[in-house]
Amino acid sequence: RQLSEAILHGITRAAVLAYAREAQMKVEERAFTLEEAKAAAEAFTTSASGFVTPVVEIDGERLGDGTPGPVATRLREIYLAESRARAI
């Protein structure tokens, strides 16, 4: 989702979006419906403690094949590598 009063303006979120763009991944920020989310091939959340966390189920319905997808997996790898490289 795009930034609004309904979503946190998190540092992890901003970093993941920047890294995705640097990796030439297509990034689209927009509102979406619950039905769209449930129909997604994959999804993920970002947080300071969870970094990039794949979502494999919404309301008991599996996303894709029910396992972390390649985009979420790759973004997690990139985020962790960049975080380690920038650590003091």
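For the structure itself, look to the data block above.
Computed from a predicted model, the values in this text were never measured in an experiment.

Next up on the list: the overall build of the chain. Helix and strand counts for the chain stand at three helices and four strands. Going from N to C terminus, the chain has its helices and strands arranged as α-α-β-β-β-β-α. Relative to its length of 88 residues, the chain is compact, with a C-alpha radius of gyration of 13 Å against a globular reference of 12 Å. The principal-axis extents of the C-alpha atoms in the chain amount to approximately 40 × 30 × 25 Å. By the burial criterion, 20% of the 88 residues in the chain qualify as buried. Counting only contacts in the chain whose residues sit at least 6 apart along the sequence, the fraction spanning at least 24 positions is 51%. Carbon and sulfur atoms make up 55% of the accessible area of the chain, which totals about 6300 Å².

A word on the side chain of Thr12. By secondary structure assignment, the location of Thr12 is in helix H1 (residues 11-22). Excluding anything up to four places from it in sequence, Thr12 contacts Thr46, Ser47, Ala48, Phe51 and Tyr79.

Another point: the pairing of strand E2 (residues 51-55). The pairing of strand E1 (residues 43-47) with E2 spans five bridges and is classified as antiparallel. Note that in E2 the partner of Ser47 across the bridge is Phe51. Joining the antiparallel neighbours E1 and E2 is a turn of three residues.

Turning to the nonpolar core, a few remarks are in order. Of all hydrophobic cores here, the largest spans nine residues; its members are Ala15, Val16, Tyr19, Ala20, Val52, Leu75, Ile78, Tyr79 and Leu80. The set of elements that each furnish at least two residues to this core consists of H1 and helix H3 (70-86).

Calculation criteria
- Residues numbered from 1 in each chain as written.
- Predicted model: local features only at pLDDT ≥ 70, side-chain atom pairs only at ≥ 80, totals over all residues.
- Heavy atoms only, no water.
- Helix = DSSP H or I, 4+ residues; strand = E, 2+ residues; numbered from the N terminus.
- Rg over C-alpha atoms; globule rule 2.2 N^0.38 Å.
- Buried < 20%, exposed > 50% of the residue type's maximum accessible area, 1.4 Å probe, protein only.
- Contact = heavy atoms within 4.5 Å.
- Areas by Shrake-Rupley, 256 points an atom, 1.4 Å probe, with all protein chains shown as cover.
- Pairing = 2+ DSSP bridges.
- Core = buried A, V, L, I, M, F, W, Y, C linked by side-chain atoms within 4.5 Å.

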